[in-house]
Amino acid sequence: MLTTLQTAYSDTRAADLAWTLGREPLPALAVLDLELAGANVQLRLLGASHQVLLEEGRRTCSETVACLPGSSTPLPLGVAECLGDWDYEFSARVETLSEGSFAGRAQELLALVADHPHGLAGTFPGSPYAFTAMLAQRTEGQVRWRTWHAYPQEGQLVVTRTKVGVRVPAAAV
């Protein structure tokens, strides 16, 4: 699903993004509710980027990557956490592209997510290449999502990957 977000573009630099785990739901500009083999996933586009809410059984996970006032946790390159009996893994990278490469990559990503049944993308007013896009799936017993946060004025694309799944006990030796 592709939508035009009715808000000012508020996180205007890739360096302004922060990561948090466990936040309450924030006001969203667009939402996609998914049921992925027993897991309820809500993809949320915020004025300041994204939030994913995951619920399965009595377990929950809330991931927020956004420019939030007062947030002191910068966007990490990687995180691995135990959430009860779930393993949570997050990674992020910043791609810096030339103007032409950026436009082409933006078009590819928006087309991929817009036509995907588990995808949500929103473009911000002012530039067709200022967007946040999200794609979720369930595979091998894990819920996974990818996100893309585009900053055309910097030629930067922030790419995140997350996977959450029930911890597999180590084999006895």
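Computed from a predicted structure; not experimentally measured.

Here is what the cut-offs are and how they apply
- Residues numbered from 1 in each chain as written.
- Predicted model: local features only at pLDDT ≥ 70, side-chain atom pairs only at ≥ 80, totals over all residues.
- Heavy atoms only, no water.
- Helix = DSSP H or I, 4+ residues; strand = E, 2+ residues; numbered from the N terminus.
- Rg over C-alpha atoms; globule rule 2.2 N^0.38 Å.
- Buried < 20%, exposed > 50% of the residue type's maximum accessible area, 1.4 Å probe, protein only.
- Contact = heavy atoms within 4.5 Å.
- Pairing = 2+ DSSP bridges.
- Axes fitted to C-alpha atoms, helices over the stretch in contact; angles between N-to-C directions.
- Phe/Tyr/Trp six-rings, centres within 6.5 Å; stacked < 30°, edge-to-face > 60°.
- Salt bridge = Lys/Arg side-chain N within 4 Å of Asp/Glu carboxyl O.

K.L.:
Tell me what's going on with the overall build of the protein, and back it up with residues and numbers.
P.N.:
Along the backbone of the protein there are one helix and twelve strands. Traced from its N-terminal end to its C-terminal end, the protein shows the element sequence β-β-β-β-β-β-β-β-α-β-β-β-β. In terms of overall dimensions, the protein is globule-like: its C-alpha atoms have a radius of gyration of 16 Å, near the 16 Å expected for 173 residues. Projected onto its principal axes, the C-alpha positions of the protein cover 55 × 30 × 30 Å. Within the span of the protein, comprising 173 residues, buried residues form 46% of the whole. Look at the contacts in the protein between residues 6 or more apart in sequence, and 57% of them connect residues 24 or more apart.

K.L.:
Can you tell me about the sheet that holds strand β9 (residues 119-123), naming the residues and giving the values?
P.N.:
One open sheet accounts for seven strands, arranged β1-β9-β10-β11-β12-β8-β7; its pairing is mixed. The open sheet is flanked by β1 (2-4) and β7 (78-83), the only strands paired with a single partner. Taking the axes of each pair of neighbouring strands and ignoring which way they run, one obtains an average angle of 15° across the sheet. Looking at chain direction, β9 and strand β10 (residues 131-139) are connected through five bridges and run antiparallel. For Gly-119, the partnering residue across the bridge sits in β10 and is Leu-135.

K.L.:
With reference to specific residues and values, describe the sheet that holds strand β5 (residues 49-56).
P.N.:
The strand order across the open sheet formed by five strands is β2-β6-β5-β4-β3, and the pairing between neighbours is antiparallel. Strands with a single pairing partner mark the edges of an open sheet, and in this sheet they are β2 (18-21) and β3 (30-36). For this sheet, the mean inter-axis angle between neighbouring strands, taken without regard to orientation, is 10°.

K.L.:
An account of the packing of aromatic side chains is requested, with residue identities and associated values reported.
P.N.:
Using the criterion set out here, one finds two aromatic pairs in the structure. Consider the rings of Trp-19 and Tyr-88, whose centres lie 6.3 Å apart with planes at 35°: the pair is tilted. One end of the pair, Trp-19, is in strand β2; the other, Tyr-88, is in strand β8 (residues 86-96), and 69 residues separate them in sequence. Comparing Trp-19 with Tyr-88, the two get one shared label, buried. Taking 6.0 Å as the distance between ring centres and 35° as the angle between the ring planes, the aromatic pair formed by Trp-19 and Phe-90 counts as tilted. Of this pair, Trp-19 sits in strand β2 while Phe-90 sits in strand β8; the two residues are 71 residues apart in sequence, bridging distant segments of the chain. Of the two residues, Trp-19 and Phe-90, both sit in the buried class. Site record: aromatic cluster; members linked through ring pairs are Trp-19, Tyr-88 and Phe-90.

K.L.:
Tell me about the pattern of salt bridges, and name the residues and values.
P.N.:
Any two side chains of opposite charge can pair, so long as their charged atoms come close to each other. Under the criterion given, the structure shown has seven salt bridges. Between Glu-56 and Arg-138 there is a salt bridge, with its nearest N and O atoms 3.1 Å apart. Highlighted residues: Glu-56 in strand β5 and Arg-138 in strand β10, separated in sequence by 82 residues. By relative accessible area, which is 15% here, Glu-56 ends up buried. Taking the relative accessible area as the measure of exposure, Arg-138 reaches 26% and is therefore partly exposed. Among the ionic pairs, Arg-144 bridges to Glu-140, the shortest N-O distance being 3.9 Å. Under the relative-accessibility criterion, Arg-144 is labelled partly exposed at 24%. The network of salt bridges with common partners includes Glu-56, Arg-59, Asp-85 and Arg-138.

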